[in-house]
Amino acid sequence: MDKREKNLLEEMSNPESLNSEKSKSSPEKTRLKEPKLLNPISIVDAKIYDFVEWLQDLSFFKLTVMLSEGALLLAVVSYVITIPARNEQKIQEARNVLREESGHEYSDARIAALKVLNNKSCQGNPGLKAPKAKMPNLTLNPCQSLSFSQGSLKVNKYSMDLSHSNLEEADLSGASLVGINLRGSNLQGANLAKANLKGADLTGAQLQGANLAQANLKKAILQDSNLDNSNLYGANLQAANFSEASLVKIRALWANSRNAIFHRAKLQSANFNRADLRGADFYKANLENATLRFADLSSTTKATGAQLKPTNLRETELKGADLWGAKMWSTFQIKRSKNWQETTKMPNWEQQIEQERLPRLRIALLKPETGQSLSDAYELGMRRAANRRVEIWGISHSSGVENEAKIIKQLIDDGMDGIILTPEDPVDSLPALKKASDAGVAIITVDFCFDFIKAEDLAIACFNTNSFQMGYDSGQYIAQWTQKNLLPNSSSRQSVQIALVDGAVYDRYYPYLQGVSKAINESNVSFEIVDSVSVTSTRDIIKVKKLLKNNPNVQILWGGSNLATETALTCPTNFPTNSRSHYGRNFSCVVPCCRR
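The structure contained in this document is the topic of the report that follows. Numbers given for residues are sequential positions, taken from 1 along each chain in its written order. Local features in this predicted model are restricted to residues of pLDDT 70 or higher, and side-chain atom pairs are both shown and tallied only at a pLDDT of 80 or more, whereas totals for entire chains, interfaces and linings draw on every residue. Only hydrogens and water are set aside; all other atoms, that is, all heavy atoms of the structure, feed into the side-chain values.

## So, the sheet that holds strand 7 (residues 361-368)
- Taking strand neighbours across the sheet as the criterion, the 5 strands line up as 8-7-9-10-11 in an open arrangement whose pairing is parallel. Unpaired on one side and paired on the other, strand 8 (390-397) and strand 11 (461-463) mark the two borders of the sheet. On average, adjacent strands in this sheet sit at an angle of 20° to one another, irrespective of strand direction.
- Note that strand 7 and strand 9 (residues 418-421) share 3 bridges and pair parallel. Across the sheet, the residue bridging to leucine 365 is isoleucine 420, located in strand 9.
- We call two residues in contact when some of their heavy atoms are within 4.5 Å. Comment: axis = line fitted to C-alpha atoms, over the contacting stretch for helices; angle = value between 0 and 180 degrees taken between N-to-C directions. Working definition: helices are DSSP H or I runs of at least four residues, strands are E runs of at least two. Numbering for both runs from the N terminus. Relative to the sheet, helix 9 (residues 374-385) contacts strand 7, strand 8, strand 9 and strand 10 (442-446), its axis offset from that of strand 7 by approximately 160°. Strands were regarded as paired on the criterion that DSSP finds at least two bridges between them.

## Overview of helix 12 (residues 467-485)
- Helices are assigned an expected span. That span is 1.5 Å times one less than the residue count. Given a rise of 1.5 Å per residue, 19 residues ought to cover 27 Å, and the 27 Å separating the end C-alpha atoms of helix 12 matches this to within 8%.
- Along helix 12, the residues classified as buried are Ser467, Met470, Gly471, Tyr472, Ser474, Gly475, Ile478, Ala479, Trp481 and Thr482.
- Of the residues that open helix 12, the one with a side-chain oxygen 3.3 Å from the backbone nitrogen of phenylalanine 468 is asparagine 466. When accessible area is computed with a 1.4 Å probe and restricted to protein chains, residues below 20% of their type maximum are described as buried, those above 50% as exposed, and intermediate ones as partly exposed. For this analysis, a polar contact is any N or O atom pair within 3.5 Å, provided that within protein one partner can donate a hydrogen and the other can accept it, and provided that sequence-adjacent residues contribute only side-chain to side-chain pairs.

## What to know about the state of the cysteines
- Working definition: a disulfide is two cysteine sulfur atoms within 2.5 Å of each other. Counted by the stated rule, this structure contains 2 disulfides.
- Cysteine 122 shares a disulfide with cysteine 143; S-S distance 1.9 Å. Torsion about the S-S bond of the cysteine 122 and cysteine 143 cystine: about 90°, corresponding to right-handed handedness. Of this pair, cysteine 122 sits in the loop between helix 6 (108-119) and strand 1 (143-149) while cysteine 143 is found in strand 1, placing the two residues 21 residues apart along the sequence.
- When its relative accessible area of 11% is taken as the criterion, cysteine 143 is described as buried.
- Sulfur-sulfur distance for the disulfide between cysteine 449 and cysteine 462 comes to 2.0 Å.

## Things to note about the nonpolar core
- Among the buried residues, those of types Ala, Val, Leu, Ile, Met, Phe, Trp, Tyr and Cys that are joined through side-chain atoms within 4.5 Å form a nonpolar core. Counting residues in hydrophobic clusters, the biggest one holds 75 residues, and the most contacted among them are Leu267 and Phe272.
- Those elements giving two or more residues to this core turn out to be helix 5 (60-100), helix 6 and helix 8 (349-355).
- Not counting residues within four places of it along the chain, the set of residues in contact with phenylalanine 272 comprises Ile250, Ala252, Ser257, Phe262, Leu267, Leu277, Leu287, Thr291, Leu292 and Ala295.
- Ranked by size, the runner-up nonpolar core spans 21 residues in total, among them Ile395, Ile407, Ala439 and Phe450.

## Concerning empty space enclosed by the protein
- Buriedness of a pocket was judged along seven lines, with at least five required to meet protein on both sides within 12 Å; pockets are open sets of points on a 1 Å grid over the protein atoms alone, cavities are sets where a 1.4 Å probe fits but cannot get out, and lining residues have an atom within 4 Å of a point. Grid points are joined across faces, edges and corners, and a volume is the space filled by probe spheres set on the points. The final tally for this structure, using the stated rule, is 2 cavities of 30 Å³ or more.
- Empty space within the second largest cavity amounts to approximately 60 Å³.
- Residues were grouped as follows: Ala, Val, Leu, Ile, Met, Phe, Trp, Tyr, Cys and Pro as nonpolar; Asp, Glu, Lys and Arg as charged; and all remaining residues, including Gly, as polar. Classifying every residue of the lining of the second largest cavity gives 10 nonpolar, no polar and no charged.

## Structural notes on the packing of aromatic side chains
- Stacked, tilted and edge-to-face are the three classes assigned to paired rings of Phe, Tyr and Trp, where Trp is represented by its six-membered ring and a pair needs centres within 6.5 Å; plane angles under 30 degrees give stacked, over 60 edge-to-face, the rest tilted. Taken as a whole, this structure holds 8 aromatic pairs when the rule is applied.
- Between the aromatic rings of phenylalanine 242 and phenylalanine 262, the centroid separation amounts to 5.1 Å while the plane-to-plane angle is 5°, which identifies the pairing as stacked. Note that phenylalanine 242 is positioned in the loop between strand 2 (152-158) and strand 3 (296-297) and phenylalanine 262 in the loop between strand 2 and strand 3, a separation of 20 residues in sequence.
- Centroid distance tryptophan 340 to tryptophan 349: 6.3 Å. Interplanar angle 65°. Geometry classified as edge-to-face.
- Each member of the aromatic cluster is reached from another via a ring pair, and the members are Phe242, Phe262, Phe272 and Phe282.
- The aromatic ring of phenylalanine 294 is capped on one face by arginine 274, whose charged end is 4.0 Å from the ring centroid. Any Lys NZ or Arg CZ found within 6 Å of a ring centre and within 35 degrees of that ring's normal is scored as a charge over the ring.

## Section: the environment of glutamate 105
- Assignment of secondary structure puts glutamate 105 in the loop between helix 5 and helix 6.
- Considered as a pair, glutamate 105 and aspartate 171 are 66 residues apart in the sequence and their alpha carbons are 9.4 Å apart.

## Section: the packing of helix 12 against helix 13 (residues 510-522)
- For the pair helix 12 and helix 13, interaxial distance at closest approach is 6 Å and the crossing angle is 35°. For the element pair helix 12 and helix 13, the recorded crossing hand is right-handed. Here Ser467, Phe468, Met470, Gly471, Tyr472, Ser474, Gly475, Gln476 and Ile478 of helix 12 come into contact with helix 13, specifically with Pro511, Tyr512, Gln514, Gly515, Val516, Lys518, Ala519, Ile520 and Glu522.
- For the contact of helix 12 with helix 13, the per-class residue count stands at 9 nonpolar, 7 polar and 2 charged. Should the near helix be turned anticlockwise from the far one by less than a right angle, the crossing is termed left-handed; should it be turned clockwise, right-handed.

## A word on the packing of helix 10 (residues 401-413) against helix 11 (residues 430-438)
- Contact geometry for helix 10 and helix 11: axes closest at 9 Å, N-to-C directions at 10°. Taken as axis vectors, helix 10 and helix 11 run roughly parallel relative to one another. Facing helix 10, whose interface residues are Ala405, Ile408 and Ile412, helix 11 presents Ala432, Leu433, Lys435 and Ala436.
- In the contact of helix 10 with helix 11, the residues fall into 6 nonpolar, no polar and 1 charged. Orientation is classified from the angle alone, with under 35 degrees giving roughly parallel, over 145 giving roughly antiparallel, 65 to 115 giving roughly perpendicular, and any other angle giving oblique.

See the structure below:
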């Protein structure tokens, strides 16, 4: 390569020097050749040059950090911008789940979907279809929002909209549905026992046959709703609005209905026994054939004792209503109603109103018609604890479900306030006791507790004993007594004959028999059960006599109930106990299963 070519290459590699030299040699000529359109390009070129120099000075780590922060900022902005769209997507997904699960009784997905809607500012789902759905203890909390009104901050409360839903026979027992909108919904036969429906909107809802026992309906709106044959036992109905609602044959015993509104409501044959109706408004309501035994129709009062407002019975239809023992505010209170003369009242009802004093409470203790019994000790303790306002009636009656039912009916007619008893049978005793409960009689059982499902809301209290263990204890006693008295010097392999006089015809006494059977089978004594009869009344003494005649070598009789023991001991008057002779042979003992 010659010198000329070499210089040319250097100039091409360094155009700035070339331009500089040309500009120095002929500046005027250069200015003439540079068009003005190239000025912006020059500026951009200069900026790019500056940016490249900045990048050269910037470390790779710093660049990475800056890019990461930028990406994070972009992600945050993108997340915030897409929140409404994502919320709407979740809401639609939840509603789709509710539609898909409409035919299933058990569905965790349905419950989860409802909670999603609840958490999304109480988004509703009107027209929900969930008949027979199992959703006990479901919680749908009310929501809040803030707004400015007249220069001040205001908190707005609202709840989910499930109006016009089909929840027929659904299980919502124990659910928390405060303020929920169920307008026009089908809740026929639904289980809402102990549910919290405070402030709920149930306008026009169908609640026929629904179970609302001990539910909280305080300030709920039930206008034009239908609650025929529903159970409102012990429910909180304070300030609830039942205007023009149908409540035919409802069961509202012990309900707290203070200040409730029943304008023009249909309440034929309704049961308000023992209900608190102070301040309730029954204007032009129909209470024909309703029962309000021992209901409180007096006035609400302030802390100072000043009366506020009594139960309003103006233009209320009371034909055939039962007001026995009802507490009233004044005589004209009832006389403002229609057909009040055709109601059932205590003979001295007007005198009681004028005296303004609390009536005496009468409590009956049903005792078996036997000799010394544990019931006598119960009665003694009750009389010692009772004050002047309480009367204790100890009533002896013959054993058996039929006799028990007769005495209970008589106590209902006598206006008894409470009955304490040991039921003859956990199943057969229910009808009579249910009648007493519906009449406003407080039921307390001792030595036995009813199954809650079979006898819901029947007894206000129960005191139970372990029947199986008591039977087992008696069996152990039999084995110990036999070893000591019948087999002191003999082998335990020697057979000992035992006969069982039980009361197992009634479910309540069967655990006693199970317990004693287990104990004697586990003992070291060889027992031979030679016969067994069931006793339901003292007339069954014939069975015991026949047992003794057919089994001349029986040594021990076991009594499976107080009645069975008493019957065995009186069969006949010289029935042998503790080695006394009878029918030409010796007996060892009669062992009761359940004596304390």
